[in-house]
Each structure stands twice: as C-alpha cells, then as structure tokens.
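# Geometric and topological summary
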Amino acid sequence: MSRLPIEYNVSELSEFDESFVCHICFDTYYKKEVYQCKKGHCYCEECWKESLKNKKECMQCRTQVNSFHELSRNTEVERLLLKTWVHCPYFFRNIIRVDESEKLIEDNSSGCNEIIILEKLDNHIENCSFRFVKCKYHEKGCKDKIRYNQNEIHISKCEYRSLNCKYCSNVYLLKTIEQHYLECPSMLIDCKECNEKIKREEMDKHLDKECQEVIISCKFLQFGCNDKIKRKNLENHFDQTNHTKHFSTAIERLSTTIEHLNIKNNQLSISIKELN
Ligand SMILES: [Zn+2]
Ligand SMILES: [Zn+2]
Ligand SMILES: [Zn+2]
Ligand SMILES: [Zn+2]
Ligand SMILES: [Zn+2]
Ligand SMILES: [Zn+2]
Ligand SMILES: [Zn+2]
C-alpha cells in the first residue's frame, strides 16, 4: 500500500520554547545545527553563514565574528529541543496539504492522538498506523486518501471495487452495480400479478403466456364473449358460461367464410381450365 507523502513543520506540532527558535529565520532548530557567539547568542547554521556575509558580527550583541569558525556549536540546545513533546502529524486530517498556507485541522475522532518525544518522531511517523495511504483501487480512479488502519473498511465500500453481479455474474464497479441491478436481464424480479420471482428477461413471456393471475380475454372474444377472466379461471369460465350463442355465431361466420371460399375456388378452377 503506497504511503502518501506529508509536509509539515515541527513548529505546527507543538508550542516550542523561544530558545529553540532561530530569531533570524523563525524556524525551530529541529534537524539543524545551532551555533552561538561568545556571549551565547544562538542562531541556526545557515542564518549565521548568511548574516556573516553581510556583517562580521553577532546580530544581537554586535560582538565581532570574523568567520563562522569562531562560533561554537550549542549541542545542549539541540539536545534539549529533541526532548520536546509533539503531536504526531497524523493527528491532523489535512496533513497531506493541497495548499501550503492551509492551516492544520485536528482530527480528534480518527487521527493519531499520540504525543511523541521529538527525537522519536521520525520513527513514529514511519510506523504510525494512522498514516495516509493510497486506495488499492487508485488506478481505477479512487482519489481517496485513507488512513492505513481504516483501509479495510474503505475497501469494503470503495466505489471503485469491482464485483460480480450475483444474477448474471458479469463484473461491475460498486458505483455502477446499483444502476445495473435496475437493468440486469438475469435478475429475479417480482411478477406484479402473481408475486412469483421471474427473470427480468422472461417477464414479458411470463405475463403473455404463463402468469395465472393475468386477466385475459375469453377465446370467444371475436364471437361476442367480452368477459375478462384471470388465466387460472379460464377453465371455470368455459364450464360456467353458456357459450352456445357464441358457438352459433362462430358457426354462422365459419359457414359464410366457407361459402365465400367455395365461390373463390370455383372461379379459380374455371380460370385454370381456361389457361390450359
Ligand atoms: Zn535560522
Ligand atoms: Zn552575541
Ligand atoms: Zn501517529
Ligand atoms: Zn477507494
Ligand atoms: Zn447482472
Ligand atoms: Zn405472474
Ligand atoms: Zn367467454
């Protein structure tokens, strides 16, 4: 799991005593060497070197300093500074800064609450389980920054996780599967008439040919029976309804049709004979 880089200044992690701050660059002496004039005025190495280029003296007491080598290193200040207690940078939710001027925001609920002695800070940061990592699906498009110890929770609901549709077993991203479920042809859905579970792609056929609760027309509709019956009651309808009238209508119409066909047939026979 790749760790996301963080940027911070230790001065943001604690209140530092003035004696640990260089009064030229206003930075703490953390990871810097401290040098002092004969009277004990301290600045960081870079600031001394920079300032001696302009004037060969201590900025504070004006004591002459001909070269950097006349200064003495103050390892005591360096040592004491490392005994300062600081917040873990992962205490802050926005430690991965988008904008450097952004102020750090505490994360009391899911940030690291440990207070660490400065000399052990790097070691702690390296192993802190609250560190931010990239989502395992970042190449698929997940831009989330996840705390290492929340990775599994995130992955279980990451929109970019792919999973198989449990009906058609095609592969979809979590963020598209809900939409797919609205369309999946293999998904079982309730028949609105009989409540049976039917594959979506077979629903039309089911309603058209099989569903017992669907209301259909009597087979004698074209011969005058306008009754609407549930498919399951069709047999009963034939048993209980007198279709005699409809039968005779049917027979009448059929007779007429046969008559017409006979006439047509005779005409055709005559035409064929003439052709021969
Ligand atoms: Zn400085
Ligand atoms: Zn001085
Ligand atoms: Zn931590
Ligand atoms: Zn993700
Ligand atoms: Zn599906
Ligand atoms: Zn049905
Ligand atoms: Zn009927």
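Residues numbered from 1 in each chain as written. Chains lettered and ligands numbered in written order. Predicted model: local features only at pLDDT ≥ 70, side-chain atom pairs only at ≥ 80, totals over all residues. Heavy atoms only, no water.

## Some thoughts on the coordination of the zinc ion (ligand 5)
Where we set the bar: Coordinating N, O and S atoms are those within 2.8 Å of the metal (3.2 Å for Na, K and Ca), and as water is not part of the atoms, a site may appear to have fewer donors than expected. Each label reflects the angles at the metal, where four donors whose angles all fall between 85 and 135 degrees are tetrahedral, four or six donors whose opposite pairs open beyond 155 degrees and whose other angles stay between 65 and 115 are square planar or octahedral respectively, and the rest are irregular.
For the zinc ion (ligand 5), the full set of protein donor atoms is Cys 165 (SG), Cys 168 (SG), His 180 (NE2) and Cys 184 (SG), and the range of their distances to it is 2.0 to 2.3 Å. If you look at the zinc ion (ligand 5), its four donor atoms make angles of 105 to 117° with each other, and the shape they trace is tetrahedral.

## A word on the environment of Gln 212
Rules: For helices the rule is a DSSP run of H or I covering at least 4 residues; for strands it is a run of E covering at least 2, with both sets numbered from the N terminus onward. Note on classification: 1.4 Å probe, protein chains only; a residue is buried when its accessible area is under 20% of the maximum for its type, exposed when over 50%, partly exposed between these limits. Throughout, a residue-residue contact means that at least one pair of heavy atoms, one from each residue, lies within 4.5 Å.
By the element assignment, Gln 212 lies in the loop between α6 (203-210) and β12 (215-217). Of the residues examined, Gln 212 reaches a relative accessible area of 40% and is grouped as partly exposed. C-alpha of Gln 212 to C-alpha of Glu 106: the two residues are 106 residues apart in sequence and 64 Å apart in space. If we skip the residues at most four places from it in the chain, Gln 212 touches Lys 230, Arg 231 and Lys 232.

## Considerations on the pattern of salt bridges
Here is the rule: A pair is scored as a salt bridge if a Lys or Arg side-chain nitrogen falls within 4 Å of a carboxyl oxygen belonging to Asp or Glu.
Inspection of every chain in the model, using the stated rule, returns 17 salt bridges. In this structure, the salt-bridge partner of Glu 119 is Lys 83, at a minimum N-O distance of 3.0 Å. One end of the pair, Glu 119, is in the loop between β5 (115-117) and α3 (121-127); the other, Lys 83, is in the loop between α2 (75-81) and β4 (85-87), with 36 residues separating them in the sequence. Across the salt bridge formed by Lys 230 and Glu 213, the nearest N and O atoms sit 2.9 Å from each other. Of the two residues, Lys 230 is situated in strand β13 (residues 228-230) and Glu 213 in the loop between α6 and β12; the sequence distance between them amounts to 17 residues.

## Here's the deal with the coordination of the zinc ion (ligand 7)
Here the zinc ion (ligand 7) is held by Cys 218 (SG), Cys 225 (SG), His 237 (NE2) and His 243 (NE2), and the distances to it run 2.0 to 2.3 Å. With four donor atoms in place around the zinc ion (ligand 7) and angles of 97 to 117° between them, the coordination shape is tetrahedral. If you list the donors of the zinc ion (ligand 7) from N- to C-terminus, the spacing comes out as C-x6-C-x11-H-x5-H. Here the residue Cys 225 occupies a position in the loop between β12 and β13, and His 243 occupies one in the loop between α7 (234-240) and α8 (244-275), the gap between them amounting to 18 residues. For Cys 225, a relative accessible area of 3% gives the class buried.

## Here's the deal with the sheet that holds strand β1 (residues 34-36)
Defined as follows: Only strands that DSSP links by at least two bridges are regarded as paired with each other. Helix axes are fitted to C-alpha atoms over the stretch in contact, other axes to C-alpha atoms as well, and angles between N-to-C directions run from 0 to 180 degrees.
Pairing is antiparallel across the open sheet formed by three strands, whose spatial order is β2-β1-β3. Unpaired on one side and paired on the other, β2 (42-44) and β3 (72-73) mark the two borders of the sheet. In terms of strand pairing, β1 meets β3 through two bridges, oriented antiparallel. If you follow Tyr 35 over to β3, its bridge partner there is Arg 73. Across the sheet, helix α1 (residues 45-54) touches β1 and β2, and the angle it forms with β2 is around 95°.

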